[in-house]
Amino acid sequence: MNTPKFSFFVATLLLACASASQAGGVGGQLMAQMTLTGGCAVSGAASGSASSANFGTLDFGVQPSTFTGVLLATANGGAGGAGSTQIVCSPDVSAMSVSVNAGNNPGQGASVGAGTRAMRLGTGSYLPYEVYSDAAMTSAYPTSGGVVGVSLAANGGAFTLPVFGRVNKTQAGAIASGTYADTLQVTLGW
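To keep things clear, this report deals only with the structure shown in the data block. (Residues numbered from 1 in each chain as written. Predicted model: local features only at pLDDT ≥ 70, side-chain atom pairs only at ≥ 80, totals over all residues. Heavy atoms only, no water.)

## Quick notes on the pairing of strand β12 (residues 186–189)
Turning to step 1, where the next piece is worked out: Burial of β12 is one-sided: the residues Val186 and Leu188 facing one way are buried, the residues Thr187 and Gly189 facing the other way are not.
Turning to step 2, where the next piece is worked out: The pairing of strand β5 (residues 96–100) with β12 spans four bridges and is antiparallel. Looking across to β12, one finds that Ser97 is bridged to Gly189. (Buried < 20%, exposed > 50% of the residue type's maximum accessible area, 1.4 Å probe, protein only. Helix = DSSP H or I, 4+ residues; strand = E, 2+ residues; numbered from the N terminus. Pairing = 2+ DSSP bridges.)

## Regarding the side chain of Asp134
Turning to step 1, where the next piece is worked out: Position of Asp134 among the secondary structure elements: in the loop between β8 (125–132) and β9 (148–150).
Turning to step 2, where the next piece is worked out: No salt bridge is formed by the buried Asp134, whose closest oppositely charged neighbour, Arg166, lies at an N-O distance of 9.2 Å. (Lys, Arg positive; Asp, Glu negative; His and termini not counted. Salt bridge = Lys/Arg side-chain N within 4 Å of Asp/Glu carboxyl O.)

## Looking at the nonpolar core
Turning to step 1, where the next piece is worked out: With 32 residues, the main nonpolar core has Phe60, Ile87, Met96, Val98, Tyr141, Val167 and Leu188 as its most contacted residues.
Turning to step 2, where the next piece is worked out: Mapped by element, the contributors of at least two residues to this core are β1 (40–42), β3 (69–76), β4 (86–89), β5, β7 (117–121), β8, β9 and β12.
Turning to step 3, where the next piece is worked out: Not counting chain neighbours up to four residues away, the residues in contact with Met96 comprise Cys40, Ile87, Cys89, Val148, Gly149, Val150, Leu152, Phe159, Leu188, Gly189 and Trp190. (Core = buried A, V, L, I, M, F, W, Y, C linked by side-chain atoms within 4.5 Å. Contact = heavy atoms within 4.5 Å.)

## A closer look at the packing of aromatic side chains
Turning to step 1, where the next piece is worked out: One pass over the structure, following the stated rule, counts one aromatic pair.
Turning to step 2, where the next piece is worked out: Measuring from centroid to centroid gives 6.3 Å for Phe60 and Tyr129, while their planes differ by 65°, and the two rings are edge-to-face. Pair noted here: Phe60 is in the loop between β2 (57–58) and β3 and Tyr129 is in strand β8, with a separation of 69 residues, a long-range link. Each member of the pair, Phe60 together with Tyr129, is buried.
Turning to step 3, where the next piece is worked out: It is Lys169 that lies over the ring of Phe67; its NZ or CZ is 5.5 Å from the centre. (Phe/Tyr/Trp six-rings, centres within 6.5 Å; stacked < 30°, edge-to-face > 60°. Lys NZ or Arg CZ within 6 Å of the ring centre and 35° of its normal.)

## Digging into the state of the cysteines
Turning to step 1, where the next piece is worked out: Tallied over the entire structure, the rule returns one disulfide.
Turning to step 2, where the next piece is worked out: The disulfide partner of Cys40 is Cys89, and the S-S distance across this bridge is 2.0 Å. Measuring handedness by torsion sign, the sulfur bridge of Cys40 and Cys89 sits at about 110° and is right-handed. Pair noted here: Cys40 is in strand β1 and Cys89 is in strand β4, with a separation of 49 residues, a long-range link.
Turning to step 3, where the next piece is worked out: Using a relative accessible area of 5% as the deciding quantity, one classes Cys89 as buried. (Disulfide = S-S within 2.5 Å.)

## Concerning the environment of Ala172
Turning to step 1, where the next piece is worked out: Turning to its location among the elements, Ala172 is positioned in the loop between β11 (164–169) and β12.
Turning to step 2, where the next piece is worked out: For Ala172, a relative accessible area of 65% puts it in the exposed group.
Turning to step 3, where the next piece is worked out: Considering only alpha carbons, one finds Ala172 and Val112, 60 residues apart in sequence, at a separation of 8.5 Å.
Turning to step 4, where the next piece is worked out: Excluding residues that lie within four positions of it along the chain, Ala172 makes contacts with Thr66 and Thr68.

## Some words on the sheet that holds β4
Turning to step 1, where the next piece is worked out: Strands sit in the order β1-β4-β10 across an open sheet of three strands; the sheet is antiparallel. Of all the strands in the sheet, the pair left with one neighbour each is β1 and β10 (158–160). With direction set aside, neighbouring strand axes in the sheet form an average angle of 30°.
Turning to step 2, where the next piece is worked out: Pairing of β4 with β10, which is carried by three bridges, proceeds in the antiparallel orientation. (Axes fitted to C-alpha atoms, helices over the stretch in contact; angles between N-to-C directions.)

Put into structure tokens, the structure is as follows:
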């Protein structure tokens, strides 16, 4: 018997057996999983700290310094851009509370108009305003930062941030021209 031919034959046989054993298969299960937590978010907001959400601006527009009367504003812009600031909650959230602090200038500007909060120009001109939890502007947020319960949209639908502003300038004379501003801390709880 020729040893090189025998060795070649055995090698070919082993290779064929190895190829046959590789042609098998294995079946099994692969689980997919994701955990969603309940909560609420400012529509379109980038993720970040819970204490630094951008709820937008109460923008009362541009008026002459001689204006008198009532101006209304709804929180708009937010992190999502133009339009009213929207809140979206998961369907398992059944109640929400909102608090709005007194801002930086509470009680200022009473000689100009009505309101418990005030926007300031520079170092001493004030324009009072008020913030409410309802669009009818019947329920003012307390300046103490006390919480107010608000209604949620059904089934996780978006709803407007329930902060509505009103300037009521009662003084007939002109006030200093420029951009009046204030910063409010808004806190949502669920």
